[in-house]
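The residues making up each chain are set out below.
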Amino acid sequence: MTTSQLDRPTTQPASSRFKGVVAFVLLAYGIAWASMFGAALLGFSLVDPLAQLPFGFAPAIAAIIVRRWVTREGFGDAGLKLRLRANWHLYLVAWLGPFAMVAAALGIAALAGLWQPSAAALPEWSLILALVFLVPVLTPIYWGEEFGWIGYLRLRMFPGRPLAATLATAVIWAVWHYPLAFLGYIEFDDVALGLLVWTTSFACQEIVLSWLWVRSGSIWPVSLAHAGNNMVLALLTGMVLTEGAGLGVNTVTVLTACPIAAAALWVLASGRLRSTRP
């Protein structure tokens, strides 16, 4: 299996790449954090999807501004083509994989004695079926993040060093979310520990998402997987383990991170994160 031409080391001059990365990060953080704190000051709940839209699209807006007006490099390596025929299997993994991760997270919780499985404790089949069809519909919303993080930033962090680029992008992506832990979006039992677990979870997610990018050459399976992570894995495990079993947010975050971490280890151990052919 070969990797995408889009993930080969960039030939962009170092000075231009540095200017672009700095401008992107400042814009992505500035737009997002201003909208987060602005919404909170105006009395909007950040759990409200409509309140999330401005900061959800901040990375894409930042990437478009930088590509078009700061570095003027255009969109040739942005991965905007679907490439559906060549990558249907990756789309399938991105679409249905989060449902398998929910089952794995619940299985780990049951084996650890933290949750007692029962038919009554599981979500309604109608909800699960609705999510199967809803996730692809919501994918363009999550493109708002991935067009910036994967489609722009990761390519330019450490050219030719895919793991370093992935982890650096993950840390920047995680810290970008930190205000949400203080504005009512997520309420950790222990904030410091929660942010550490959250950051680790983001790093594992970034490895899996980067694999989808490297193998497909398209930002769309990445965005689909991101939609599944939020709308399936986080939502269903939260319903069953937090609302249903009464587990703390920190514990549930660890449980949901376990199957993602296993997938990330598989990606790394099998060498599937390489950015070029051997």
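These notes cover the structure that comes with them. These figures come from a predicted structure and were not determined experimentally.

As a further point, take the overall build of the chain. Each helix and strand counted, the chain has 9 helices and 0 strands in total. Reading the secondary structure of the chain in the N-to-C direction produces α-α-α-α-α-α-α-α-α. A compact globule built from 278 residues should have a C-alpha radius of gyration of about 19 Å, and the chain, at 19 Å, falls within 12% of that. Here the chain, with 278 residues, has 50% of them falling under the buried criterion. In the form shown here, the chain has an accessible surface area of approximately 12900 Å², with 70% of it arising from carbon and sulfur atoms. Taken as two groups, the 16 positive and 12 negative side-chain charges of the chain have centres that lie 23 Å from each other.

The next thing to look at is unusual backbone geometry. Positive phi, close to 55°, is recorded for Arg72, a residue that is not glycine. Looking at the element boundaries, Arg72 is found in the loop between α3 (58–70) and α4 (88–111). A positive phi angle, close to 50°, is found at Arg83, a residue other than glycine. With respect to the helices and strands, the residue Arg83 is situated in the loop between α3 and α4. Assessed through its relative accessible area of 39%, Arg83 is described here as partly exposed.

Tracing the backbone shows Gly97 in helix α4. Sequence separation between Gly97 and Glu146 is 49 residues; the distance between their C-alpha atoms is 18 Å.

The relative placement of two packed helices comes down to the angle between their axes together with the axis-to-axis distance. Contact geometry for helix α5 (residues 125–157) and helix α7 (residues 191–216): axes closest at 11 Å, N-to-C directions at 80°. The angle between α5 and α7 falls in the class roughly perpendicular. Where α5 abuts α7, its residues Glu146, Ile150, Gly151, Arg154 and Leu155 lie against Glu206, Leu209, Ser210, Trp213 and Val214.

Okay, the side chain of Gln205 next. Within the fold, Gln205 resides in helix α7. Beyond its immediate stretch of four places on either side in the chain, Gln205 contacts Trp173, Asn229 and Ile260.

A word on α3. All of the buried residues along α3 are Ala58, Pro59, Ala60, Ala62, Ala63, Val66 and Arg67. Contacts made by the buried residues of α3 are with α1 (14–41), α2 (49–56), α5 and α6 (162–177). Note on α3: the residue one or two positions beyond its end, Arg72, has a positive phi of about 55°.

Now for a nonpolar patch on the surface. Judged by side-chain polarity, Ile64, Trp69, Phe75 and Leu80 come together as a nonpolar surface patch covering roughly 370 Å² of accessible area. For Phe75, the position within the fold is in the loop between α3 and α4. Residue Phe75 is classed as partly exposed on the basis of its relative accessible area of 33%.

Oppositely charged side chains can form a pair if their charged atoms are brought close together. Within this structure, the stated rule accounts for 3 salt bridges. Glu73 is paired through a salt bridge with Arg156; the nearest N and O atoms lie 2.5 Å apart. Of this pair, Glu73 sits in the loop between α3 and α4 while Arg156 sits in helix α5, and the two are 83 residues apart along the sequence. One salt bridge in this structure joins Asp77 and Arg156, with 2.8 Å as the shortest N-O distance.

As used here, a disulfide is simply a covalent bond connecting the sulfur atoms of two cysteines. Tallying each qualifying case throughout the model produces 0 disulfides. The closest cysteine sulfur to the non-disulfide-bonded Cys204 is located on Cys258, 9.2 Å from its own sulfur. Look at Cys204 and you get buried, because its relative accessible area is 14%. With relative accessibility at 31%, the residue Cys258 sits in the partly exposed group.

A word on the environment of Arg83. It is 24 Å that separates the C-alpha atoms of Arg83 and Leu131, two residues lying 48 residues apart in sequence. Among the polar contacts made by the side chain of Arg83, one reaches the main-chain carbonyl oxygen of Gly217 at a distance of 3.1 Å.

What counts and what doesn't
- Residues numbered from 1 in each chain as written.
- Predicted model: local features only at pLDDT ≥ 70, side-chain atom pairs only at ≥ 80, totals over all residues.
- Heavy atoms only, no water.
- Helix = DSSP H or I, 4+ residues; strand = E, 2+ residues; numbered from the N terminus.
- Rg over C-alpha atoms; globule rule 2.2 N^0.38 Å.
- Buried < 20%, exposed > 50% of the residue type's maximum accessible area, 1.4 Å probe, protein only.
- Areas by Shrake-Rupley, 256 points an atom, 1.4 Å probe, with all protein chains shown as cover.
- Lys, Arg positive; Asp, Glu negative; His and termini not counted.
- Charge placed at Lys NZ, Arg CZ, Asp CG, Glu CD.
- Axes fitted to C-alpha atoms, helices over the stretch in contact; angles between N-to-C directions.
- Parallel < 35°, antiparallel > 145°, perpendicular 65-115°, else oblique.
- Contact = heavy atoms within 4.5 Å.
- Patch = residues over 30% accessible without salt bridge, like charges linked within 9 Å, V, L, I, M, F, W, Y side chains within 5 Å.
- Salt bridge = Lys/Arg side-chain N within 4 Å of Asp/Glu carboxyl O.
- Disulfide = S-S within 2.5 Å.
- Polar contact = N/O pair within 3.5 Å; in protein donor to acceptor, adjacent residues only side chain to side chain.

By themselves, these observations are geometric and do not establish any function.
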